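The lines below spell out each chain.
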Amino acid sequence: MADNLPSEFDVIVIGTASVNSITGLPESIIAAACSRSGQRVLHVDSRSYYGGNWASFSFSGILSWLKEYQENSDIVNEGPAWQEQILENEEAIALSRKDKTIQHVEVFCYASQDLHEEVEEAGALQKNHASVISENPTEAVHSAYLPSEDESLCIASCEMLTEQTPSSDLETALEISNVKVTGETEKHDDKTCMKSASEEETSKNVPTTEGTALQPKKTRITYSQIIKEGRRFNIDLVSKLLYSRGLLIDLLIKSNVSRYAEFKNITRILAFREGRVEQVPCSRADVFNSKQLTMVEKRMLMKFLTFCMEYEKHPDEYKAYEEITFSEYLKTQKLTPNLQYFVLHSIAMTSETASNTIDGLKATKNFLHCLGRYGNTPFLFPLYGQGELPQCFCRCKAIIDQFGQRIISKHFLVEDSYFSENTCSHVQYRQISRSVLITDRSVLKTDSDQQISILTVPGEEPGTFAVRVIELCSSTMTCMKGTYLVHLTCTSSKTAREDLEPVVQKLFTPYTETETENEEVEKPRLLWALYFNMRDSSDVSRNSYNDLPSNVYVCSGPDSGLGNDNAVKQAETLFQLICPNEDFCPPPPNPEDIITDGDSLQSEASEASVILEANSETPKESASLGNPEEASQ
């Protein structure tokens, strides 16, 4: 806690800020860019957890988050303290302390709820405990690559929604009444985690499979095990990937912020066709090695993809089709139905009605352009989840907090969710349907159990949206060994469960305790499921808000897109309004270029390098971006 804050800053960011976690991605990028440009930046916030809708949670953290969103009463501060700080010629802008961007939250537990075992994970569910203990460890992060073992758990109890659950005996709605939060740190070696998965993850009641590699015995995952290994989970509220040549990767490299993060390459592009999941060939090697395509289809596909890479040079090939959908255009290109499906849903990643010809060609070219930079697919995923990215940018500056002090600033940056209903009365929002699942195996079995996959499932009916499925293995540091973390996302037409449950039922089967030990289940077992709707404010114009002063800038929450380009574009646009003609997120200075006076030149230069968070290496593509597979081992 800072006792004596300056009374004036250049930029104030109203959003979550702490040593361990931080604001949403656009706010973090802007704050880092302003700090690099010499601006004085202050973060302030009233939320009890970190990261907003860009946050990542451990399993106990997600339970606390669920409890917080069940609170129905808004928090109103009637005290006159802040009102006394308003001068006669000033007008206050009311901000809401209740976040209304999340709706229709539903949670289901399918795993065996064998809770007679001792539960050790911090914030874990325990039966027969009436007392609630809340602690808030705040140890700083000591490594640029490893997150802190201690994470802030600000909510001490968690209850599931009491909405009606499916009547099937196979489904069991999870009811949580008491949560015990402790400040104990999980005792395991971080370096072991970085390699892939720790042998320590195997508890005493779970037999190992190392000696039975040829005929592995599938161990059942219980809810108690998920609780115990809860810190192995990093559950993102928003599910995204990074295009290897996208704006965010370029910004990470340019600013040298990439040294704070590590990435894994997405290993597979999948398609769901005729009731089954299959791998999509997308690179030249994949196409010619594919057993799914005939030789004629391989030639057709390579010829079309070659055209897409330079389609602008051949306007005669597509000008006549600009007004029709990309799906209709593909039918004119002498592609088989098999190839049309792959290109439309797994390469362009669109639907029959969502994109016109030009949009589809652009999406296909972007996909192909990103191939090969860091792996055999166009995508990267940050270890420990999407929530690591805002944290990386916030390491470019100091973060402090304070209460009850009047602070003046030239510019205010406010995330959309903080505005009151009066300010947003004319705003029309879209919604995103989200689901997070914990499963016991991959949707497509292979020799390796460490696959990271993306799958697009087309809408069943005309006008419905395609569902994007991202499946993460334990080597991404987002789930415990022996499980997969699956994210489903689509633009909302109904509640999240109504939009996404049909896809969940196609790909997974609920776990049931009536299964025999040796029973083979065709689909992966579903152990735990979360559904919720999230507000999408990415396309809202600033003019839609009521009575905002000219020095108040609005940041939107996450959008429904796969990449992060919208957040980067928004951050750069707002930065140029605040700091016109300044370089956007320049790299830090080289310590050797810092000039100091006095005899203690070396020590002072060392101090300066710490203050400026300069790296001893000149800016370049770091090892973690240059070779994500190597960096993660």
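Residues numbered from 1 in each chain as written. Predicted model: local features only at pLDDT ≥ 70, side-chain atom pairs only at ≥ 80, totals over all residues. Heavy atoms only, no water.

By the naming in an unreviewed UniProt entry, the protein chain is Rab proteins geranylgeranyltransferase component A, taken from Canis lupus familiaris. Here the protein chain is described in UniProt, under the heading Sequence similarities (unreviewed entry), as follows: "Belongs to the Rab GDI family." Recorded in UniProt under Subcellular location (unreviewed entry), the annotation for the protein chain is "Cytoplasm, Cytosol". (UniProt positions renumbered as here; feature names shortened; annotations may be inferred.)

Chemist: Can you walk me through the sheet that holds strand E1 (residues 8–14) in this structure?
Modeler: Note: strands within a sheet are paired through backbone hydrogen bonds, in either parallel or antiparallel orientation. The parallel open sheet is built from 4 strands, whose spatial order is E2-E1-E11-E18. Each having just a single partner strand, strand E2 (41–44) and strand E18 (552–555) make up the two edges of the open sheet. Mean inter-strand twist for the sheet, computed between neighbouring axes without regard to direction, equals 25°. Bridge count between E1 and strand E11 (residues 408–415): 6 bridges; the pairing is parallel. Bridged to Phe9 within E11 is Ser409. Against the sheet, helix H1 (residues 25–36) makes contact with E1, E2, E11 and E18, and its axis sits at roughly 155° relative to E2, the strand it touches most. The sheet contacts of helix H13 (residues 565–578) involve E1, E11 and E18, and relative to E18 the element is tilted by about 175°. (Pairing = 2+ DSSP bridges. Helix = DSSP H or I, 4+ residues; strand = E, 2+ residues; numbered from the N terminus. Axes fitted to C-alpha atoms, helices over the stretch in contact; angles between N-to-C directions. Contact = heavy atoms within 4.5 Å.)

Chemist: Whenever I open this one, the nonpolar core confuses me. Can you help?
Modeler: Among the nonpolar cores identified, the biggest contains 99 residues, and Phe59, Ile62, Trp65, Phe304 and Leu530 are the most heavily contacted of them. For Leu530, the residues in contact, after removing those within four places along its chain, are Ile62, Trp65, Leu66, Val105, Glu106, Val107, Arg434, Ser435 and Val436. Counting 39 residues, the second largest nonpolar core, distinct from the first, contains Val11, Cys34, Ala571 and Ile578. (Core = buried A, V, L, I, M, F, W, Y, C linked by side-chain atoms within 4.5 Å. Buried < 20%, exposed > 50% of the residue type's maximum accessible area, 1.4 Å probe, protein only.)

Chemist: Just checking my understanding: could you explain the sheet that holds strand E7 (residues 263–265) for this structure?
Modeler: In space, the 3 strands of this open sheet follow the order E6-E10-E7, with antiparallel pairing throughout. Pairing within the sheet leaves two strands with one partner each, and these edge strands are strand E6 (242–243) and E7. The pairing of E6 with strand E10 (residues 379–382) spans 2 bridges and is antiparallel. The residue bridging Tyr243 from the neighbouring strand is Phe379, located in E10.

Chemist: Explain the state of the cysteines to me, please; I cannot follow it from the model alone.
Modeler: Put plainly, two cysteines are in a disulfide when a covalent bond ties their sulfur atoms together. Under the defined criterion, the tally for this structure stands at 0 disulfides. In this model Cys479 remains outside any disulfide bridge; the closest cysteine sulfur is found in Cys473, 6.7 Å from its own. By relative accessible area, Cys479 is classed as buried at 3%. (Disulfide = S-S within 2.5 Å.)

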